Amino acid sequence: MWIAMILAACTGSTAPAPVEEPAVAAPSPAPVAEVEPPAPSVKHTETLQTRDGIELEADIWLGEPGANGVVLLHMIPPHWDRTSWPTSFVEMLSKQGWSLCVVDRRGSGKSGGAPTDAYQGEKGKYDVEACVKRLQAHGLGKLGIVGASNGTTSMLDYAVWAPGEGLPEPAVLGFMTGGPYTENQTGVVLVEHIPAVFTFSQAEREWSGGLKGVSPKWTFHEYLTGDHGTKMFDVRPDVAHDLLRGLTKGFGR
């Protein structure tokens, strides 16, 4: 028996130690591509000419060629002009990389023409056309227009008239306190196919609120407190973000 035990020890009959597999590092996750934000558009001032020979002064912010563009139409001339759009709001739009035309409507600010022509009759839409053509000359993607108070009148007139003239039709509209004056020449139901955002105070809800249910493409922001047109920016700063979201949604991103 002792001999058997000695032989077993000499022949190494005990079980071999297990061999450990080398550790394999987990694969690194693929890097996430960073999306470059669009470059802010650059501002300068120009004189535009309408088809009926009126000179308009406008601040132009040009993004990359082919960028979406927005035209801003202020409240009633001659009492209001392009400076009524808050710088913070205009810069917010420009930081999206969009091209902008912030114009003195005819009869207002540094623009020529009769003030009443800006919202009565056919000439107001010519102001919008001059702005759109300027953006189009730079290379225009989709078009958005925001009108404040009776700036909505010219906006609506242009939106319905433009396709028949071979001009860009708006992809989205913004109504800041629209009212019966909005439809001086054109019925608003004629743009029910165009996405739109409506902003208004509860005190002036009758016209805008009465349009709820007309189009599934329309969004309404009614504020318990507020003011008229671009004066809303002072009372309800959130109106700027509501308009931005409406424009972005209308542009499809």
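Residues numbered from 1 in each chain as written. Predicted model: local features only at pLDDT ≥ 70, side-chain atom pairs only at ≥ 80, totals over all residues. Heavy atoms only, no water.

*Asks:* Whenever I open this one, the packing of helix 2 (residues 87-94) against helix 7 (residues 238-251) confuses me. Can you help?
*Replies:* For any two helices packed against each other, the geometry comes down to the angle between their axes and how far apart the axes lie. Two elements in contact, helix 2 and helix 7, have axes whose closest approach is 11 Å; the angle formed by their N-to-C orientations is 25°. Classified by the angle their axes make, helix 2 and helix 7 are roughly parallel. Considering the relative orientation of helix 2 and helix 7, their crossing is right-handed. Taking contact as the criterion, the partners of Phe89, Met92 and Leu93 in helix 2 are, on helix 7, Ala240, His241, Leu243, Leu244 and Leu247. In terms of residue class, the contact of helix 2 with helix 7 is made up of seven nonpolar, one polar and no charged. (Axes fitted to C-alpha atoms, helices over the stretch in contact; angles between N-to-C directions. Helix = DSSP H or I, 4+ residues; strand = E, 2+ residues; numbered from the N terminus. Parallel < 35°, antiparallel > 145°, perpendicular 65-115°, else oblique. Left-handed = near helix turned anticlockwise from the far one by under 90°. Contact = heavy atoms within 4.5 Å. Nonpolar A, V, L, I, M, F, W, Y, C, P; charged D, E, K, R; others polar.)

*Asks:* Looking at this structure, I do not really get the nonpolar core. What am I missing?
*Replies:* Most often, soluble globular proteins keep nonpolar side chains buried together rather than apart. Core analysis: the largest hydrophobic core is formed by 38 residues, its most contacted members being Val71, Cys101, Ile145, Tyr158, Leu173 and Phe198. It is helix 3 (residues 124-138) that contributes the most residues to this core, six residues altogether. Once residues within four sequence positions are removed from consideration, Tyr158 is found in contact with Lys125, Val128, Glu129, Val132, Leu143, Ile145, Leu167, Pro168 and Pro170. Core analysis: the next-biggest nonpolar cluster, separate from the first, contains 27 residues, Val70, Leu72, Ala171 and Leu243 among them. (Core = buried A, V, L, I, M, F, W, Y, C linked by side-chain atoms within 4.5 Å. Buried < 20%, exposed > 50% of the residue type's maximum accessible area, 1.4 Å probe, protein only.)

*Asks:* Can you walk me through the pairing of strand 1 (residues 42-49) in this structure?
*Replies:* Within a regular strand, the side chains alternate between the two sheet faces. Examined bridge by bridge, strand 1 and strand 2 (residues 55-62) share eight bridges and lie antiparallel to one another. Looking at strand 2, one finds that Glu46 is bridged to Ala58. The antiparallel pairing of strand 1 with strand 2 creates a hairpin that spans five residues between the two strands, and Gly53 there sits at a positive phi of about 85°. (Pairing = 2+ DSSP bridges.)

*Asks:* How should the side chain of Thr230 be read in this particular structure?
*Replies:* Within the secondary structure, Thr230 is located in the loop between strand 8 (218-223) and helix 6 (232-235). In this structure Thr230 comes out as buried when scored by relative accessible area, which is 4%. If sequence neighbours within four positions are ignored, Thr230 has contacts with Met75, Ser84, Trp85, Ala148 and Met176.

*Asks:* Mind showing me how you'd approach the packing of aromatic side chains here?
*Replies:* Note on aromatic pairs: each is described by the distance of the centres and the angle between the planes. Evaluated as defined, the whole model comprises eleven aromatic pairs. Note on Trp85 and Phe89: the rings are 6.0 Å apart at their centroids and 25° apart in plane angle, and the pair reads as stacked. Each of the two residues, Trp85 as well as Phe89, counts as buried. Through a chain of ring-to-ring contacts, the aromatic side chains of Phe175, Phe198, Trp207, Trp218 and Phe220 assemble into a single cluster. (Phe/Tyr/Trp six-rings, centres within 6.5 Å; stacked < 30°, edge-to-face > 60°.)

*Asks:* Sorry, what's going on with the environment of Gly179 here?
*Replies:* When you line up the elements, Gly179 lands in the loop between strand 6 (172-176) and strand 7 (196-201). With 28 residues separating them in the primary sequence, Gly179 and Trp207 have C-alpha atoms 5.3 Å apart.

*Asks:* How should unusual backbone geometry be read in this particular structure?
*Replies:* Among all residues save glycine, negative phi is the norm, and among peptide bonds the norm is trans. A cis amide bond links Pro77 with the next residue in sequence, Pro78, at an omega value of -5°. Following the sequence through the fold, Pro78 ends up in the loop between strand 3 (69-73) and helix 2. At Ser149, a residue that is not glycine, the phi angle is positive and equals roughly 50°. Classification of Ser149 by relative accessible area gives buried; the value is 8%. Although it is not a glycine, Thr177 sits at a positive phi angle of roughly 60°.

*Asks:* How should helix 4 (residues 151-161) be read in this particular structure?
*Replies:* An α-helix turns once per 3.6 residues; consequently, residues spaced three or four apart project the same way. Of all eleven residues in helix 4, ten are buried; the element is thus mostly enclosed. Among the residues of helix 4, Gly151, Thr152, Thr153, Ser154, Met155, Leu156, Asp157, Tyr158, Ala159 and Trp161 are the ones counted as buried. At its buried positions, helix 4 is contacted by strand 3, helix 3, strand 5 (143-148) and strand 6.

*Asks:* Would you take a moment to explain the pairing of strand 6 for this structure?
*Replies:* In terms of residue burial, strand 6 counts as a mostly covered element, since five of its five residues are buried. Burial along strand 6 is two-sided: Val172, Gly174 and Met176 facing one way and Leu173 and Phe175 facing the other are all buried. In this structure, strand 5 lies alongside strand 6, joined through five bridges in parallel fashion. Residue pairing for strand 6: Ala148 is matched across the bridge by Met176.

*Asks:* Would you mind going over the side chain of Thr186 with me for this structure?
*Replies:* Among the secondary structure elements, Thr186 is positioned in the loop between strand 6 and strand 7. Only 2.7 Å separates the side chain of Thr186 from the side chain of Asp157, close enough to count as a polar contact. Setting aside anything within four residues of it in sequence, one finds Thr186 in contact with Leu156, Asp157 and Val160. (Polar contact = N/O pair within 3.5 Å; in protein donor to acceptor, adjacent residues only side chain to side chain.)

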